[in-house]
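# A closer look at the structure
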2 protein chains.
Amino acid sequence: MLNQERVVIDYVSPQINNGDVFIKRVVNEIINVDAHVLVDGHDVIAASVLYKHEKAKIWKEVRMQLIGNDEWNASFYVEKQGFYTYKIQGWVDHALNWQHGIERKIEDGQHVNSELLEGAELLKPIIKKANKEEKAYLETLVDWFQSEKNYDKAIKEAVSDDLHEIFVKYPKKFHVSSSKDFKVYVDRKKARFSTWYEFFPRSASETPGQHGTFKDCERLLPRVQNMGFDVLYLPPIHPIGEVNRKGKNNTEKAQEGDVGSTWGIGSKHGGHKDIHPELGSLNEFKALIKSAKKYNIEVAMDYALQAAPDHPWVKEHPEWFKWRPDGTVQYAENPPKKYQDILPIYWEGKDYKNLWKECLDTLLYWVECGVKIFRVDNPHTKPYHFWNWVIAEVKKKHEDVIFLAEAFTKPKVMARLAKEGYAQSYSYFTWRNSKHEFIEYMNELTQTDQREFMQPNFWPNTPDINPYHLQGANESKYLQRYALAATLSSSIGIYGPVFEYMINDALPGREEYLNSEKYQITHYDWSIYFQLTNRNELSGTFLN
Amino acid sequence: MLNQERVVIDYVSPQINNGDVFIKRVVNEIINVDAHVLVDGHDVIAASVLYKHEKAKIWKEVRMQLIGNDEWNASFYVEKQGFYTYKIQGWVDHALNWQHGIERKIEDGQHVNSELLEGAELLKPIIKKANKEEKAYLETLVDWFQSEKNYDKAIKEAVSDDLHEIFVKYPKKFHVSSSKDFKVYVDRKKARFSTWYEFFPRSASETPGQHGTFKDCERLLPRVQNMGFDVLYLPPIHPIGEVNRKGKNNTEKAQEGDVGSTWGIGSKHGGHKDIHPELGSLNEFKALIKSAKKYNIEVAMDYALQAAPDHPWVKEHPEWFKWRPDGTVQYAENPPKKYQDILPIYWEGKDYKNLWKECLDTLLYWVECGVKIFRVDNPHTKPYHFWNWVIAEVKKKHEDVIFLAEAFTKPKVMARLAKEGYAQSYSYFTWRNSKHEFIEYMNELTQTDQREFMQPNFWPNTPDINPYHLQGANESKYLQRYALAATLSSSIGIYGPVFEYMINDALPGREEYLNSEKYQITHYDWSIYFQLTNRNELSGTFLN
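Read on for an overview of the structure. (Residues numbered from 1 in each chain as written. Chains lettered and ligands numbered in written order. Predicted model: local features only at pLDDT ≥ 70, side-chain atom pairs only at ≥ 80, totals over all residues. Heavy atoms only, no water.)

Residues and elements named next belong to chain B. Pairing is parallel in the open sheet, where 8 strands are placed in the order 21-20-19-18-13-12-11-22. Lying at the two open borders of the sheet, with one neighbouring strand each, are strand 21 (456-457) and strand 22 (491-495). Pairing between strand 20 (residues 424-426) and strand 21: 2 bridges, direction parallel. Note on strand 21: the bridge partner recorded for S425 is P456. Packed on one face of the sheet, helix 9 (residues 352-368) meets strand 13 (298-303), strand 18 (373-377) and strand 19 (402-406) and runs near 160° to strand 13. (Pairing = 2+ DSSP bridges. Helix = DSSP H or I, 4+ residues; strand = E, 2+ residues; numbered from the N terminus. Contact = heavy atoms within 4.5 Å. Axes fitted to C-alpha atoms, helices over the stretch in contact; angles between N-to-C directions.)

Written out as structure tokens, the structure is:
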């Protein structure tokens, strides 16, 4: 294509997937832009970073500096939430080029009369834009440049810093080249900096044997704050399925009185937009959110897209499930693991648009109830495009909403989910233990392009993971794990009070908690913060 | 955007600038394609590389293999010159997924009747596409899968390799995802493998003091072939300017009889489409090309876009030059170097379209005379977009044409010219001498993305560069430089007979030849191949 642009812009950084995926920042962070900016020949070029918030009409501009070896750099701050676009412009700067050229010729002892005449032509169009003081200066220069009699003054001013600054201030962008547009999404600060505390509301009661409630949770808020947490994440608070309900320790048949897994969502009491009756009412949930705010704590909700067999969706939207030739729906499984109490959503069904819409509506419903943080359960078993869409749709209306991806899975899958829009991601920290492992993992997170889109949240434990190195571990190990999480990442989380009480009895040979709260209520003495000695040490079983 | 594709394709390699720039190969080379191919959940996926020559109507397909960690790979050969397009497709393979699932359940001891019914539904659409033998087999299977009485045979065949191969052969691409299109340009083999010999035709005469001719060059062809070269590159053969002609050793004023620089192109005898009268006629040039072919040698022409002050362009197209306010055109210079015998082209002029067209016409003219290789002089002082355009235009009509970029300049500029379409590039080999330098430089050329677009040509010397390490060097150093060039790169070149005669007298303190042939005729005894001892040793000045 015939095109007179002479500057070429290449290797722009930061950027992900050549700009098809946005990079991430939080408010008041910096974007440090690098690029190769080239021209043919030896002319002096200039380059700028142009950037603009999605709601702004006018681009802001910051001039790039040559670092050397054709590498240029400039930085800008992102001060508002939302999308910013940035791009690079480059051009041959004929005025600066003229100044550079005349300087070399003067040094070389050449007579530069012809060059001064050229310079006068460069000054004339600037006079129209310049301020009063600059105008007077430039008019004098034009006069000197055009008459031999002021030659000595003319060549002195031709190479002066004053003139240089005017040329920089009023660039004439001749045949300007532009990079493509790149996008950065700017979140609120909590997307980057957050401290999470997870506990099961149903275990929050002071009375042994009694089902905890939102009111009990309110009572625990000062405790959570005193430990230094600013996010309180509750496992699902929705009605728990009664059909195929799991018993204690994940046994297949629930006994009378068994409470079932909180992730087996949906029953005759309702589905994803409803509250498990024993926890309290919607108003009590809203009251908890409101009280938490006073303690500078945000309540994070679990978002788990799956259904108990008695979830209302199963009858109302049978197309959202995959029916087998024998008329059943295959329960969720990952052999040998079986989740008989859960039916997976059928994402490949024909009615997927209504399904996606309902999933979005569910999120918007809870956002309107005051929830601004969602911990998404197993996002890696739902389509990437769905997450990309649903997160973008929520954020269009509510830019404060933050999503944490609970994907403990293959590295590229976790990275891709982050690219789809998750503000935070669970990480491999839970299993990283040796110095070598930490160096390798921290390099991956901070020295590769992951740093532009992946914001890891470091959890020493979760209700699903009682890691081997914590089983039978003593206080120093717990402190170590907490200190590592808190210093290596700007977002951390623990599942308590199991963590701070150093409870770590496991199913034999498994990284799972014995008597897991996922399937039963546990009674704690919530009045203390830490259990000072290890339970296993007390019971004499500490062998490591 | 609502979209039911479930597979995500990322980090496709090889590719340059996310596909905006094509990669390069020569005929019969391989493209080894890697990509991350991901799906949500645990379904079995499949992926293919699709590729197509620009003139083909139908895509060829090669299935990718999972290497591990979600990395997939496949390879294909490029057998024809021209552009190929390649892309990756990925999809959830429900048939393979079904087979994988039923296998795990059978191993787990489950009864899989419902799964067999599902399997029968997967087989039915394949029967329509299958060949006779496959059809009979599949019909039997449908029968067995649907009746309990053949259960044992059914589950054996369900997991069989036979069925697996049928599923692979007839994939049902459900909601297939596709990467963007990537391009590879396939050149003839010489683009990658070539051995260049450069000499000045005007020095080719057997008779001292006589101007060499194309006829003299013909006489030297067996010598060039015997040394193992397959490209004979001649410095410009066009009329040499008479205005401001340079004298010997680049002196500013030519003396009576001085022949001038061959790069000072254009005089009353014509310009870039004409031949310097003293070298012979156009027919004699064509005869040289024809003779060379018999020796398996191609004649490469110099393409130097600049004009002597008396070049016909200056009068006919004054808009192609930049006129200063004093009515002169500034001669080319790179202070303190001055090229008083050359006017640079003004690429920013308004008549640039006609200029570009004339540059293209010039190339096409010589291609039609039989020239298929151009060594382009100083391409880095002409716009990148121009090269991109002119090379593409020539190759559209004449795919055999090869361009070598004589850009000894900054690394990113050299790389970018290669991206614009140059088949070969001069390299820093000329100045790389230590082991460390070689390791570093060879890593850059072969282990970075440069290997996909930069084909370096290694020259131990050129008429412009008499490198310090060859000044006063002995035979072993010359052999070493040649051996290094010939083994480290698949394209090499020397400027002779200066190189093989180990002539290396330099301008004091400069990497330039004394009495350079750029400005004068030299008489050689062409009857010998190598001068066995170093000239400087003979004259007792060998000190190193």
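Still more ground to cover, so stick around.
Turning our eyes to something else, we now look at the interface of chain A and chain B. Interfaces are frequently sized by the accessible area removed from exposure as the parts join. Counting residues at the interface gives 62 residues for chain A, matched by 61 residues for chain B. Carbon and sulfur atoms make up 50% of the area that chain A and chain B hide from each other, which totals about 5,700 Å². The largest share of the area that chain A buries against chain B comes from L2, E348 and K412 of chain A, three residues that together contribute 13% of it. The shortest N-O distance in the salt bridge between K412 of chain B and E71 of chain A comes to 2.9 Å. Here chain A is connected to chain B by 37 residue pairs in polar contact (both at pLDDT 80 or more). When contributions to the side of chain A that touches chain B are tallied by element, the ones reaching two or more residues are strand 1 (7-13), strand 3 (29-39), helix 1 (94-107), helix 2 (113-129), strand 15 (332-334), helix 9 (352-368), helix 10 (384-397) and helix 11 (411-420) of chain A. The element contributing the most residues to the side of chain A that touches chain B is helix 11 of chain A, with 6 residues. Residue composition of the side of chain A that touches chain B, by class: 20 nonpolar, 17 polar and 25 charged. (Buried area = accessible area lost by both parts, 1.4 Å probe. Salt bridge = Lys/Arg side-chain N within 4 Å of Asp/Glu carboxyl O. Polar contact = N/O pair within 3.5 Å; in protein donor to acceptor, adjacent residues only side chain to side chain. Nonpolar A, V, L, I, M, F, W, Y, C, P; charged D, E, K, R; others polar.)

A few words now on the relation of the copies chain A and chain B. Aligned on chain B, chain A shows an RMSD of 0.1 Å; the corresponding rotation is 180° and the shift along the axis is 0.0 Å. When the rotation and shift are considered jointly, the pair of chain copies conforms to a two-fold rotation axis. In terms of C-alpha distance to the rotation axis, chain A has N18 of chain A as its closest residue, with the C-alpha 3.2 Å off the axis. (Least-squares fit on C-alpha atoms with pLDDT ≥ 70 in both.)

With that settled, consider unusual backbone geometry. Cis geometry is found at the peptide bond from S13 of chain B to P14 of chain B, where omega equals 0°. Note that P14 of chain B resides in the loop between strand 1 (7-13) and strand 2 (23-26). Cis rather than trans, the peptide bond between G496 of chain B and P497 of chain B has omega equal to -5°. With respect to the element layout, P497 of chain B can be found in the loop between strand 22 and helix 14 (535-538). Of note in this structure, M502 of chain A is not a glycine but carries a positive phi near 55°. Owing to a relative accessible area of 3%, M502 of chain A belongs among the buried residues under this scheme. One non-glycine residue, N18 of chain B, lies in the positive phi region at around 50°. (Buried < 20%, exposed > 50% of the residue type's maximum accessible area, 1.4 Å probe, protein only.)

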